[in-house]
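# Descriptive analysis of the structure
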2 protein chains.
Amino acid sequence: MSTEIPDLPTEITPQSQDFGRWYIDVVRRAELADYSPVKGCMVIRPYGYAIWELMQQGLDRRFKATGHVNAYFPLFIPESLLMREAEHVEGFAPQVAWVTQGGNEELEERLVIRPTSETIIGTMYAKWVQSWRDLPILINQWANVVRWEKVTRLFLRTTEFLWQEGHTAHETAEEAQEETLRMLGVYKDFAENDLAMPVMDGEKTESEKFAGAVKTYSIEALMRDGRALQAGTSHNLGQNFSKSYEIKFQARDKSVQYVHTTSWGVSTRMIGGVIMTHGDDGGLILPPKVAPYQVVMVPIPRGNWRETVLPKAQQLRDALVARGIRVHIDDRDSQTPGWKFNEWELRGVPLRLEIGPKDLEKSQVVLARRDTREKSFVPMEGLAGHVEQLLAAIQQSLFDRAAQFRQEHTSRTDSYDEFTQIMDGRPGFVISPWCGSAACEAAIKTETQATIRNIPFGSEPATGKACIRCGGAATVHAWFAKSY
Amino acid sequence: MSTEIPDLPTEITPQSQDFGRWYIDVVRRAELADYSPVKGCMVIRPYGYAIWELMQQGLDRRFKATGHVNAYFPLFIPESLLMREAEHVEGFAPQVAWVTQGGNEELEERLVIRPTSETIIGTMYAKWVQSWRDLPILINQWANVVRWEKVTRLFLRTTEFLWQEGHTAHETAEEAQEETLRMLGVYKDFAENDLAMPVMDGEKTESEKFAGAVKTYSIEALMRDGRALQAGTSHNLGQNFSKSYEIKFQARDKSVQYVHTTSWGVSTRMIGGVIMTHGDDGGLILPPKVAPYQVVMVPIPRGNWRETVLPKAQQLRDALVARGIRVHIDDRDSQTPGWKFNEWELRGVPLRLEIGPKDLEKSQVVLARRDTREKSFVPMEGLAGHVEQLLAAIQQSLFDRAAQFRQEHTSRTDSYDEFTQIMDGRPGFVISPWCGSAACEAAIKTETQATIRNIPFGSEPATGKACIRCGGAATVHAWFAKSY
């Protein structure tokens, strides 16, 4: 399983030349993540992990505000337990890792490393739930999961990844459905407001549903190469798992009933989404809300700068930090300002602050935006307020830019010829009428690599239209795309 | 592997009757953790996990204040990688879980699930470190680890547990030693100030060292049954791992050298330490700094209390929350105030606030301390300040009480007869002169079950004394105890 780790890239391949190469170059060169000696597994380096910590905070706050609590369930699932929900097994068994030996002894029953935790959590809920008074259960877990992968794409597809998985149990079908949609809404809110990443929220088709779900909903983002990224999913599991795992309760009318469950998750994959939504040939561009450093200060080393410029920089840093802004002063002697400008641009820091002896004289600093590369002279007086405004403007501007990109890369067609032509290039979303049959969906995938990302909420009706593939009566307008 | 989970206990066994039973009753009845369908693995329930989250925050803040950053490394370690450091393998190989199959295929090389991450992290450091300029590396990881266990003791000994593991690399031996002691100091500070748990900090003997370490230091707490609990360890690994994993750098003098590494960790075991340091026959007693709810308000349901008492309680709650106090109002209709008093006592909430119609008239509330069970009438005016003071007093009082308990359960003897007599009961720490030989240490363990917990810093010299076991010249005063 041991694999060689290639050296870090020195240059970043331009997006236009090879988007996939650009992505890996940015991830590794910006020290977000790296390959590991274990096939399929990545190392999340401190700079990348700091982004994940900010994402966790943004999500966790929202989970708690909607009444959820965190808990932790075992990494291992006994084989017999996994096997109880038929569709679920079929979906996951081919991609799980098996533990067969513990210490020096062969195990009597093999253990699966969790690919997701419905089965083990369902088993515990069956113990904990007796009466309708015990409901709802609203639990989330931050954890690592394992799904065996042949290829490794850092953040996007790895054998082990980090995620959160919410698992809830409810008295009624209505409450479970409300919860499912509420959490999809939380994901959309987080993606758009914290990650500046516009997403389409909607329902997955039967063939793209989670193994064991009644309904699966997703948020889908559009990457700069025209491919879609599924950035989060929320599942209404109905009574499928409660029946398989015997999660029963005495209802208000004294009858014994099965609970209705949901599950929902997002993962470190979202980091990949941020990179591919905002980045450019200069490297990463981080939305301020998830940037480990929102401002990097580069003092210009002239004369006795360590006695003059640096103390002033530290004073300004303290004023910014007091306002809750994340600031780093890069005062390394070993590198030139030019090298530092380039480095922090590559690492996607939203704002660079330059300060030298001349700025001290004029009581000003230079602020350079990463997104537009605009530079401006700003007085030291009132700097914190100015920086706050700029960070908010960058956050909004990144969202707007991404929304415009999506709009420019979303097309509509009722013709399959046109559809296949579009799918040849860097397609984006294509909205087309579809009859609802899995056969058409599969044929389109085989012929064009495009899949239905979802049927967005409020999608216009397809009354009177013909399915783009079979010509039969269309039931909906589906959003197609090539995807990660 | 599937095991039956017993029903939750309804009563809590008194400590004096069976301390081990008391512990499990408290852990399960207070819903901190539970057994799982997987042998050796526990479920950390929301109330227990909330304590862990507060511990994580207290530790993480201290790690970052001392210059550390977080990262994440793979769960899996290829067998060949684990095998490189000879002592380390010998220590860990008997207790690891083996993955032998991924998806449908048998693996060419077996994977170990990390029991600790020196090997995989060392391999990455070898890639990342080139020059002295890349040092020090100060990384921490929050993760799950697996060490195969035959018995399950919730929080104290489980096959899978949660922990943090710091892994640092340094230019010089001195810096590595400083780091090792600095982090032990961080643990002591956290244990004593946040957990109100007094600990002895000192050096482990050769035979109790971490597998592969040059020196191991620990903090040791004393539980109410007179047994010691190792609550955290910090290891100076010298160049053992850097030589096995080829972590080399070009030094300031251009020579190529091996780095000096350290590692240090604490785990969810600390939750067990808190329970057994402070708890009583009424259940859990939580130090305010790690109590998920610092105050539980119980409104007394008389008359139209939902229109009168409850809004006032909510108003007071908001005033407390605004001061950063964690408050919960238990306004359930389904339970009586008496039941609620008992329940929150069992769950260890530091302060109970009672408020009823009569209190409203007098503009006062009742505050009941969990630790002393003292009740007092307190005016609503200035309540938040009063509660803050009380919480600080409880925090301090719990520490003082535990320190006094330790003092009362620490004895000194130069006689092996007396030593063995003490070790028969609920011993506490016993300080005795020791010659430094592993043979004596092993004999004492066999004969009395006591181990040397550590040689505390500043331990008085043993000059002229005889080893308690062999009568030879003693080199130090060692702290012995039976331990978890």
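For the structure given in this document, a descriptive report is provided here. Treat the numbers as computed from the prediction; the structure is a model and nothing was measured. Per chain, the residues get numbers from 1 upward, laid out in the order the sequence is written. The lettering of chains begins at A and the numbering of ligands begins at 1, in the order of writing. Given that the model is predicted, a residue must reach a pLDDT of at least 70 before its local features are reported, and side-chain atom pairs must reach 80 or more before they are shown or counted; all residues, however, enter totals for whole chains, interfaces and linings.

To continue, consider the overall build of chain A. Within chain A one finds 14 helices and 23 strands. For a compact globule the rule gives 2.2 Å times the number of residues to the power 0.38, and the radius of gyration it is set against comes from C-alpha atoms. For a compact globule of 484 residues, the expected C-alpha radius of gyration is about 23 Å, and chain A comes in at 25 Å, within 12% of that figure. Taken along its principal axes, the extent of the C-alpha atoms in chain A is 80 × 60 × 50 Å. Buried, partly exposed and exposed are defined by the number of other C-beta atoms within 10 Å of a residue's own C-beta, namely 20 or more, between the two limits, and 12 or fewer respectively, with C-beta atoms placed from the backbone. Scored against the burial criterion, the 484 residues of chain A give a buried share of 50%. Here the contact rule is simple: place C-beta atoms from the backbone, and any two residues whose C-beta atoms are within 7 Å are in contact. Long-range contacts, defined as pairs at least 24 residues apart, comprise 68% of the intrachain contacts of chain A with a sequence gap of at least 6. By definition, any uninterrupted DSSP run of H or I lasting at least four residues is a helix, any uninterrupted run of E lasting at least two residues is a strand, and each is numbered from the N terminus.

Residue and element names in this part refer to chain A. At least two DSSP bridges between two strands are needed for those strands to be called paired. Sheet architecture is open: eleven strands sit in the order 3-7-8-14-11-10-9-22-23-21-20, paired in mixed fashion. Of all strands in the sheet, those with a lone pairing partner are strand 3 (69–70) and strand 20 (410–412), marking the two edges. Across ten bridges, strand 7 (residues 137–146) lies against strand 8 (residues 160–170) in antiparallel orientation. Following the sheet pairing, Val-146 is matched in strand 8 by Glu-160. Axes here mean lines fitted to C-alpha atoms, for a helix over just the part in contact, with angles spanning 0 to 180 degrees between N-to-C directions. Sitting on the sheet, helix 2 (residues 46–65) touches strand 7, strand 8 and strand 14 (260–267), and the angle it makes with strand 8 is about 5°.

We superpose the copies by least squares over the C-alpha atoms of residues that have a pLDDT of at least 70 in both of them. Of the transformation placing chain A onto chain B, the axial shift is 0.0 Å and the rotation is 180°, giving an RMSD of 0.0 Å. Those values place the two copies in the arrangement expected of a two-fold rotation axis. Closest approach to the rotation axis among the C-alpha atoms of chain A is made by Val-99 of chain A, whose C-alpha sits 2.2 Å away. Both copies present the same face, since 98% of the interface residues in chain A are matched by interface residues at the equivalent positions in chain B.

Residue and element names in this part refer to chain A. Inspection of the secondary structure puts Gln-164 in strand 8. Residues Gln-164 and Arg-426, spaced 262 residues apart in sequence, show a C-alpha to C-alpha distance of 31 Å. Here Gln-164 is in contact with Leu-59, Asn-140, Gln-141, Trp-142, Gly-265 and Val-266, once residues within four sequence places are set aside.

Right, let's talk about helix 14 (residues 438–448) of chain B for a bit. Residue and element names in this part refer to chain B. Of all the positions in helix 14, only Cys-440, Glu-441, Ile-444 and Thr-448 are classed as buried. With its buried residues spanning 100° around the axis, helix 14 presents them on a single face. Facing away from the buried side of helix 14 by more than 90 degrees, the exposed set consists of Ala-438, Ala-439 and Thr-446. Check the buried side of helix 14 and you find it contacts helix 13 (416–424), strand 21 (429–434) and strand 22 (451–456). Gln-449 sits one or two residues past helix 14 and shows a positive phi near 70°. Think of it as the arc spanned by the lines of direction from the helix axis to the C-beta atoms.

We now examine helix 2 (residues 46–65) of chain B. Residue and element names in this part refer to chain B. The span expected for a helix works out to 1.5 Å for each residue beyond the first. The end-to-end C-alpha distance of helix 2 is 28 Å, a good match for the 28 Å that 20 residues give at a rise of 1.5 Å each. Among the residues of helix 2, Gly-48, Tyr-49, Ala-50, Ile-51, Trp-52, Met-55, Leu-59 and Phe-63 are the ones counted as buried. Just past helix 2, the residue Gly-67 takes up positive phi, approximately 90°.

Our focus in this paragraph is the environment of Val-274 of chain B. Take Val-274 of chain B: it is sitting in helix 8 (residues 269–278). Residues Val-274 of chain B and Met-83 of chain B, 191 residues apart in the sequence, show an inter-C-alpha distance of 36 Å.

Counting residues at the interface gives 52 residues for chain A and 51 residues for chain B. In terms of residue count, the dominant contributor to the side of chain A that touches chain B is strand 5 (residues 97–102) of chain A (six residues).

Residues and elements named next belong to chain A. As paired elements, strand 4 (residues 76–78) and strand 6 (residues 105–113) share three bridges and run antiparallel to each other. The residue of strand 6 that forms the bridge with Ile-77 is Val-112. Here strand 5 runs beside strand 6; their pairing, made up of four bridges, is antiparallel. In the strand pairing of strand 6, Gln-101 is matched with Glu-106. The hairpin turn running from strand 5 into strand 6, its antiparallel successor, is two residues long, and Gly-103 in that turn takes a positive phi close to 60°.

Our focus in this paragraph is the packing of helix 9 (residues 309–322) of chain A against helix 12 (residues 383–408) of chain A. Residue and element names in this part refer to chain A. The N-to-C vectors of helix 9 and helix 12 enclose an angle of 60°; their axes lie 9 Å apart at closest approach. Here helix 9 lies oblique to helix 12, going by the angle between them. Crossing of helix 9 over helix 12 shows right-handed handedness. Contact with helix 9, carried on its side by Leu-316, Ala-319 and Leu-320, involves Leu-383, Ala-384 and Val-387 of helix 12 and no other residues of that element. Within the contact of helix 9 with helix 12, the residues separate by chemical class into six nonpolar, no polar and no charged. For this classification, under 35 degrees means roughly parallel, over 145 means roughly antiparallel, 65 to 115 means roughly perpendicular, and everything else is oblique. Helix crossings are classified by the rotation of the near helix relative to the far one: an anticlockwise turn of less than a right angle makes the crossing left-handed, while a clockwise turn makes it right-handed. For this scheme, ten residues count as nonpolar: Ala, Val, Leu, Ile, Met, Phe, Trp, Tyr, Cys and Pro. Four count as charged, namely Asp, Glu, Lys and Arg, and the remainder, Gly too, count as polar.

This next bit is on the sheet that holds strand 23 (residues 476–481) of chain B. The strands that make up a sheet are held in pairs by hydrogen bonds between backbone atoms, and each pair lies either parallel or antiparallel. Residue and element names in this part refer to chain B. The strand order 3-7-8-14-11-10-9-22-23-21-20 describes an open sheet built from eleven strands, whose pairing is mixed. The outermost strands of the open sheet, each flanked by one partner alone, are strand 3 (69–70) and strand 20 (410–412). Of the pairings in the sheet, the one linking strand 9 (residues 199–203) to strand 10 (residues 215–222) comprises five bridges and is antiparallel in character. Each bridged residue has a counterpart across the sheet, and for Val-199 the counterpart in strand 10 is Ala-221. Strands strand 7 (137–146), strand 8 (160–170) and strand 14 (260–267) of the sheet are contacted by helix 2, whose axis makes an angle of about 5° with strand 8.

All names here are of chain A. Among the six residues in strand 23 (residues 476–481), five count as buried, and that is most of the element. Here five bridges tie strand 21 (residues 429–434) to strand 23, and the two strands are oriented antiparallel to one another. When the sheet's bridge partners are listed, Pro-433 is paired in strand 23 with His-477.

Further remarks concern the environment of Gln-407 of chain A. The residue Gln-407 of chain A is located in helix 12 in this model. For the pair formed by Gln-407 of chain A and Met-183 of chain A, sequence separation is 224 residues and the distance between their alpha carbons is 25 Å.

Attention now goes to unusual backbone geometry. Residue and element names in this part refer to chain A. Of note, the amide linkage connecting Leu-135 to Pro-136 takes the cis form, showing an omega dihedral of -5°. Looking at where Pro-136 falls in the secondary structure, it is placed in the loop between helix 5 (118–128) and strand 7. Even without being a glycine, Arg-373 presents a positive backbone phi close to 65°. Tracing the chain through its elements places Arg-373 in the loop between strand 18 (364–369) and strand 19 (375–379). Classification of Arg-373 by C-beta neighbours within 10 Å gives exposed; the count is 11.

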